[in-house]
2 protein chains.
Amino acid sequence: MVRQNQPTVRTASNKMPRRVNTKLILDVLRKHQPVSRVDLARLSGLQPSTVSLIVEELVHEHWLDEGEFVKGAMGRRPQLLSLSHDRCVIAIDIHPRQTTLAVVDITGTIVWQDQVESSPDPDESVRRLIAAVREVRRKHSDRTCAGIGICVPGRTDPAAEHLIFAPNLHWPILALKSRMQSATQLPVHMDNVANACALLEVWQSQSAEPHDLVVVEVSEGLGTGLYINGGIARGRGGMAGEFGHIPVEQKGIPCSCGNRGCWETVAAEPAAVRYYREKVRRKPLVSFPELLNLAASGDRDSISALRTMARQLGRGMQMIAAALAPAEIIVVGDCTAAWAWMERAIEQEFRKHPLAQKVVLRPCMDAATARLRSAVPLVLTETLTGL
Amino acid sequence: MVRQNQPTVRTASNKMPRRVNTKLILDVLRKHQPVSRVDLARLSGLQPSTVSLIVEELVHEHWLDEGEFVKGAMGRRPQLLSLSHDRCVIAIDIHPRQTTLAVVDITGTIVWQDQVESSPDPDESVRRLIAAVREVRRKHSDRTCAGIGICVPGRTDPAAEHLIFAPNLHWPILALKSRMQSATQLPVHMDNVANACALLEVWQSQSAEPHDLVVVEVSEGLGTGLYINGGIARGRGGMAGEFGHIPVEQKGIPCSCGNRGCWETVAAEPAAVRYYREKVRRKPLVSFPELLNLAASGDRDSISALRTMARQLGRGMQMIAAALAPAEIIVVGDCTAAWAWMERAIEQEFRKHPLAQKVVLRPCMDAATARLRSAVPLVLTETLTGL
DNA sequence: AGAGTTAATTTGAAGTTAGAAAAATGTGTG
DNA sequence: CACACATTTTTCTAACTTCAAATTAACTCT
């Protein structure tokens, strides 16, 4: 006799096919829009009749817009369908020195964006953020908001309820997600930069079936977002992806994690600053952004420091390539601004490993908007599978 | 106008809920058998009526056996259901020095097993294997065979059609899968030891929802099977899991991959043999099995060599813990016979890493039968989702 | 013997898709 | 300008599903 009563959600009801097929239609549409119903049927493998039913529903719910009739050869003219600019999500990008609020429609277009000033008092910061979101919703009340996507630096807990580790962030965000959720009555999804960017990359990918990819986020620390088997690998306690804390130097310098010689200690921003100071005679105190500026102005020592960092990045990425054989490794972070100087060094070192030959290695372009646009998959991947 | 006609299988028909729920029922049953229909409903979250329909089907197709009526307190007596011993799979375990053929029923019981002698001629070996399978099917024709699961040392190609890398194996198995498939008209699934064992561990797991886990296979080389996000992580070209080829020594000895100082060079069987030879004055040529025997007879030097290997294993597993945060790391291989001597060393080294604290580290017990029993999930995970 | 209890089945309603047929909406042609 | 033909889209029916409620089955207790 079994008495447990777990409210399992693993069961499939007779509504499941509709959920799956709706997601499928939207996926195909995202990659091929604008597209007609027949082509949607051809591309998805569904029957035209089924496509029509689903499309009707989606148009009615403002996911899709019916467009022009295409003048073609013979026969009835197909009507083009596109993702509606009416549906949007609210994006919140929390960055060490600034917080950005934006409205992004489901096509990925940033409709509106602005900074939100944070306060020294974390609680006040959250209040301001909530107020700003309310304001934005009112201003854009003509659009249907699908939810809120929050992109944070640092680690979130398994359920992405709280921010549990955010060294750079000077205001620890306690229960931001739940407070936002109850204040706005919208679905709120929060995740760290690396995971969010990984989701965005998959979302934007043109390939039919998603392949595994890894996002390496370089900042004060080194974080990775692992997209494996159709989802973000979270691991126990949401701690997966700490390649940055794999030791790579036998007698390295101490790391924040308590260990010594972690990859993070030789390949993140502080390491580049350190390399610079070791080179220059009059040891100046420079921040990483300043280092980037120096490099941009042609300063040799700073470029050299960035190259050293790049080599160390490439070296660590060998581990990622060997461990996971992802199709792509994508670098995110301020350092991508210096990609021109780093590319050769990082490539040279990375490709030394026999298992690194076929991995595409590239920077995430336009990182600032990427963090905002990532709110779309952040919200929709769950919203769509959930209903 | 779109002209592509990909025969996509991503669509959901109205039969999909049945597939999903059937799999769910079997999953719950596997973990709680014997169990009644009502309890199945409670545990799965499905309605009793739905459970009855699915159970009826499963009984009819010989997946389930109806058992006794339980004498309980009041009310109509529930009828117990169990996995049928009637359904079985054929397991083929290809091991460096021997190939084992077995009949395993879906409960995991090994019904019959025997060795198949291999020939110096690979082609002849395949023919003998096929003949042996035919013989076994005739002998066990009273059972319904769900398919064939082949467990191989070495790497298979992405579609697991061919064996592409099997250094230890002296007969390269060309197209074993397809030849077996056409010869027997049964679904054939082939995978390497680490992946197969990972699937088995998940299959046997008593926890409700599967957690990520990693199987480390120690033999001549070091291979891993990564179970992440509900499936084996394969990566591009099926090359995921090569933690063994991550460099861990700055100036290590050359590795078969072309690199130097890979984890594999310091923690696999040849490394243990090397450590032994470095210790002993009269350098004797011993194989790893001989080393294990020496250790079993109390020989200090061999035990010391195994301990050194164990420390190196623990060291490399830190990488796995940091990278993936799996709930478990499971060691497979002949060396598990020496676990008594290795455990402390491996634990001590492994737990040094701050991210390795919560990972369960253990050997796979009864590895020989594990390789055979893994044929069940190897065949059924796809068979069940496929229909 | 009858009330109470629990398990399993039956029945009807509602949601889905597939597939065929029909309708809509064009072009080309005599 | 009627009419055949082409192509897209919708309509309609059959077949499957699950769910929820009602019913039946089988047993215990008083």
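Residues numbered from 1 in each chain as written. Chains lettered and ligands numbered in written order. Predicted model: local features only at pLDDT ≥ 70, side-chain atom pairs only at ≥ 80, totals over all residues.

This next bit is on the overall build of chain A. Scanning chain A from N- to C-terminus turns up 13 helices and 14 strands. Taken over C-alpha atoms, the radius of gyration comes to 23 Å for chain A, in line with the 21 Å a tight globule of 387 residues would show. Reported as C-alpha extents along the three principal axes, the dimensions of chain A are approximately 75 × 60 × 50 Å. For chain A, restricting intrachain contacts to residue pairs at least 6 apart in sequence, the fraction spanning at least 24 positions comes to 60%. (Helix = DSSP H or I, 4+ residues; strand = E, 2+ residues; numbered from the N terminus. Rg over C-alpha atoms; globule rule 2.2 N^0.38 Å. Contact = placed C-beta atoms within 7 Å.)

A few words now on the sheet that holds strand 6 (residues 144-152) of chain A. All names here are of chain A. Overall, mixed pairing links the five strands, which are arranged 5-4-3-6-9 in an open sheet. Single-partner strands in this sheet number two, and they are strand 5 (110-116) and strand 9 (188-192). The sheet shows a mean angle of 20 degrees between the axes of neighbouring strands, direction not considered. Direction of pairing for strand 6 relative to strand 9: parallel, over a ladder of five bridges. Each bridged residue has a counterpart across the sheet, and for Ile150 the counterpart in strand 9 is Met190. Sitting on the sheet, helix 4 (residues 122-139) touches strand 3 (87-95), strand 4 (98-105), strand 5 and strand 6, and the angle it makes with strand 4 is about 25 degrees. The strands touched by helix 6 (residues 193-204) are strand 6 and strand 9; relative to strand 9, the strand with the most contacts, the crossing angle is about 110 degrees. (Pairing = 2+ DSSP bridges. Axes fitted to C-alpha atoms, helices over the stretch in contact; angles between N-to-C directions.)

Okay, the protein's contact with DNA strand D next. Not every one of the 32 residues close to DNA strand D is listed here, only the nearest: A:Ser49, A:Ser52, A:Gly75, A:Arg76 and B:Ser49. Its residues assigned to classes, the surface near DNA strand D shows eleven nonpolar, 14 polar and seven charged. (Near = placed C-beta within 6 Å. Nonpolar A, V, L, I, M, F, W, Y, C, P; charged D, E, K, R; others polar.)

The α-helix winds at 3.6 residues per turn, so residues separated by three or four positions along the chain end up facing the same way. Residue and element names in this part refer to chain A. With twelve residues, helix 6 should reach 16 Å at 1.5 Å per residue; the first-to-last C-alpha distance of 16 Å fits that figure. Most of helix 6 sits out of view: ten of its twelve residues are buried. Along helix 6, the residues classified as buried are Val193, Ala194, Asn195, Ala196, Cys197, Ala198, Leu199, Leu200, Glu201 and Val202. (Expected span 1.5 Å × (residues − 1). Buried ≥ 20, exposed ≤ 12 C-beta atoms within 10 Å, placed from the backbone.)

The immediate surroundings of DNA strand C are formed by 30 residues, with A:Ser49, B:Ser49, B:Ser52, B:Gly75 and B:Arg76 found nearest. Where the surface near DNA strand C is concerned, the elements lending two or more residues are helix 1 (16-32) and helix 3 (48-60) of chain A together with helix 2 (37-44) and helix 3 (48-60) of chain B. Broken down by class, the residue content of the surface near DNA strand C amounts to ten nonpolar, 14 polar and six charged.

Each of the two chain copies can be generated from the other by rotation about an axis followed by a shift along it. You can overlay chain A on chain B at an RMSD of 0.1 Å; the transform is a turn of 180 degrees with a shift of 0.0 Å along its axis. Look at the turn and shift together and you get a two-fold axis relating the two. Closest to the rotation axis within chain A is the C-alpha of A:Asn229, separated from it by 3.0 Å. Taken together, the interface assignments show that 98% of the residues at the interface of chain A recur at the interface of chain B, consistent with an identical surface on both copies. (Least-squares fit on C-alpha atoms with pLDDT ≥ 70 in both.)

The interface is formed by 57 residues belonging to chain A together with 57 residues belonging to chain B. Mapped onto the side of chain A that touches chain B, the elements with two or more residues apiece are helix 1, helix 2 (37-44) and helix 10 (300-324) of chain A. Ranked by residues supplied to the side of chain A that touches chain B, first place goes to helix 1 of chain A with six residues. Taken together, the residues of the side of chain A that touches chain B sort by class into 28 nonpolar, 22 polar and seven charged.

All names here are of chain A. Sheet architecture is open: five strands sit in the order 12-11-10-13-14, paired in mixed fashion. Edge positions in the sheet fall to strand 12 (231-232) and strand 14 (360-363), since each of these pairs with one other strand and no more. In this sheet, strand 13 (residues 328-332) lies alongside strand 10 (residues 213-218) in parallel orientation, the contact comprising five bridges. Among the inter-strand pairings, Glu217 is bridged to a residue of strand 13, identified as Val332.

The next subject is helix 2 of chain A. Residue and element names in this part refer to chain A. Within helix 2, seven of the eight residues are buried, which leaves the element mostly enclosed by the surrounding structure. For helix 2, the full list of buried residues reads Arg37, Asp39, Leu40, Ala41, Arg42, Leu43 and Ser44. Those residues of helix 2 that are buried lie in contact with helix 1, helix 3 and strand 2 (79-83). Residue Gly45 follows helix 2 closely and has a positive phi angle near 90 degrees.

With that out of the way, let us pick up the environment of A:Gln98. Position of A:Gln98 relative to the elements: it lies in strand 4. Exposure remark for A:Gln98: the 12 C-beta atoms within 10 Å place this residue in the exposed category.

Let us now look at the pairing of strand 5 of chain A. Residue and element names in this part refer to chain A. Two strands pair when backbone bridges link them, and strand 4 and strand 5 are joined in this way by six bridges, in the antiparallel orientation. Counted as the bridge partner of Thr100 is Gln115 from strand 5. In this structure, the hairpin formed by strand 4 and strand 5 is closed by a connection of four residues, where Gly108 is found at a positive phi of approximately 100 degrees.

With respect to the helices, strands and loops of the structure, B:Asp142 is situated in the loop between helix 4 (122-139) and strand 6 (144-152). Here the alpha-carbon distance between B:Asp142 and B:Ile346, two residues 204 residues apart in the chain, equals 47 Å.

Okay, the confidence of the model for chain A next. Of the residues in chain A, 93% reach a pLDDT of 70 or more, and the chain-wide mean stands at 91. In the model, residues 1-8 of chain A has pLDDT below 50 throughout and makes 14 contacts with residues more than four positions away in sequence or in other chains. (pLDDT = per-residue confidence, 0-100.)

For the rest of this paragraph, the subject is unusual backbone geometry. Put simply, A:Gln33 and A:Pro34 share a cis peptide bond, and its omega is -5 degrees. Mapping A:Pro34 onto the fold places it in the loop between helix 1 and helix 2. One non-glycine residue with positive phi stands out, namely A:His62, at about 65 degrees. Inspection of the secondary structure puts A:His62 in the loop between helix 3 and strand 1 (64-69). The class of A:His62 is partly exposed, set by 15 C-beta atoms lying within 10 Å. Positive phi values are uncommon outside glycine, yet B:Asp366 reaches one of about 60 degrees. Counting through the fold element by element, B:Asp366 comes out in the loop between strand 14 (360-363) and helix 12 (367-373). The exposure class assigned to B:Asp366 is exposed, which follows from the 11 C-beta atoms found within 10 Å.

With that settled, consider the environment of A:Asp334. All names here are of chain A. Along the chain, the position of Asp334 falls in the loop between strand 13 and helix 11 (339-350). For Asp334, a count of 16 C-beta atoms within 10 Å corresponds to the partly exposed category. Between the alpha carbons of Asp334 and Ser219 there is a distance of 7.1 Å; along the sequence they are 115 residues apart. Once you skip the residues sitting within four places of it in the chain, Asp334 turns out to touch Phe288, Pro289 and Leu292.

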